[in-house]
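# Examining the three-dimensional arrangement
Here are the chains, one letter per residue:
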Amino acid sequence: MSRPERQRPDFDHYFMGLAMAVRARANCLGSRVGAVVVKGHRVLSTGYNGTPSKMKNCVDGGCERCANPERFESGQGYDLCICVHAEQNALLQAARFGISVDGGTVYSTMRPCFGCTKELLQAGVERVVYIHDWQHPDPAFQHEYNRIQARFPGGINQLEMEDPDADWALPKKSARVPDSKT
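These numbers were taken from a predicted model, which means no experiment stands behind them. (Residues numbered from 1 in each chain as written. Predicted model: local features only at pLDDT ≥ 70, side-chain atom pairs only at ≥ 80, totals over all residues. Heavy atoms only, no water.)

### Describing the nonpolar core
Across soluble globular proteins, nonpolar side chains show a tendency to be buried alongside one another. Counting 20 residues, the largest nonpolar core has Val101, Val106, Leu120 and Val125 as the members making the most contacts within it. Listed by contribution, the elements that provide at least two residues to this core are β1 (34–39), α3 (86–96), β3 (105–110) and α4 (114–122). Once you skip the residues sitting within four places of it in the chain, Val106 turns out to touch Ala35, Val36, Val37, Glu87, Leu120, Val125, Arg127, Val128 and Val129. In terms of nonpolar packing, the next biggest core, distinct from the first, is built from 11 residues, Phe15, Met16, Val22 and Val38 among them. (Core = buried A, V, L, I, M, F, W, Y, C linked by side-chain atoms within 4.5 Å. Buried < 20%, exposed > 50% of the residue type's maximum accessible area, 1.4 Å probe, protein only. Helix = DSSP H or I, 4+ residues; strand = E, 2+ residues; numbered from the N terminus. Contact = heavy atoms within 4.5 Å.)

This is the structure we're talking about:
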């Protein structure tokens, strides 16, 4: 008996599936995010959120903000957080090996935060695809966040895709709209 033929995923779903697989290495106690940088339908680099290399991981108490979330209001204490976001790690990995991401697409399991948005734009990323939304924790800054994200030539696009690990990957505060990425 032959197996039923499986439908081949489109590129957005395929690369987001890779970002979800990369996310499995994330070691942040807040959100667990994976990112993949793609150009010409080829993977250039990957990244997940966690502490810098050779530092104690968040899950092991390495980050003050993650270890003591009760001490920080939503959107506060980022200057103490030592986690590197997934999108940042993907850009840094490409840079480390001399790979240009100019004109590329980033697939991230979460909508990039304000800081990552600026870095992606500066690196020449043209398009962003994400599955879980993120809103700036201070509603007064949401307009500026939306304005800067509108600068991606290929847009910032939410992909409708099931995430079987959403309960694990998203902060416990809210599975709908995460307060923060770390």
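### Some remarks on the sheet that holds strand β2 (residues 42–48)
Sheet strands pair via backbone hydrogen bonds, and the direction of the pair is either parallel or antiparallel. Read from one edge to the other, the open sheet built from five strands follows the order β2-β1-β3-β4-β5, with strand pairing classed as mixed. Only two strands of the sheet have a single neighbouring strand rather than two, namely β2 and β5 (156–158). Strand after strand, the sheet turns through a mean of 20° between neighbouring axes, direction not considered. Where strand β4 (residues 127–132) lies against β5, three bridges are found, and the strand directions are parallel. By the bridge assignment for β5, Val128 is matched with Ile156. (Pairing = 2+ DSSP bridges. Axes fitted to C-alpha atoms, helices over the stretch in contact; angles between N-to-C directions.)

### Topic: the layout of surface pockets
There is about 300 Å³ of room inside the largest pocket. Lining the largest pocket are 15 residues, with Tyr48, Thr51, Ser53, Asn89 and Gln93 positioned closest to its centre. Taken together, the elements giving at least two residues each to the lining of the largest pocket come down to β2 and α3. Tallying contributions element by element places α3 first for the lining of the largest pocket, with four residues. (1 Å grid on protein atoms, 1.4 Å probe; cavity = no way out; pocket = protein on both sides within 12 Å on 5 of 7 lines; lining within 4 Å. Points joined across faces, edges and corners; volume = space filled by probe spheres on them.)

### Describing the environment of Val84
As for its placement among the helices and strands, Val84 is situated in the loop between α2 (64–67) and α3. Val84 sits 32 residues away from Pro52 along the chain, and the two C-alpha atoms are 6.5 Å apart. If we ignore the near neighbours within four places in the chain, the residues touching Val84 are Tyr48, Asn49, Gly50, Pro52, Asn89 and Leu92.

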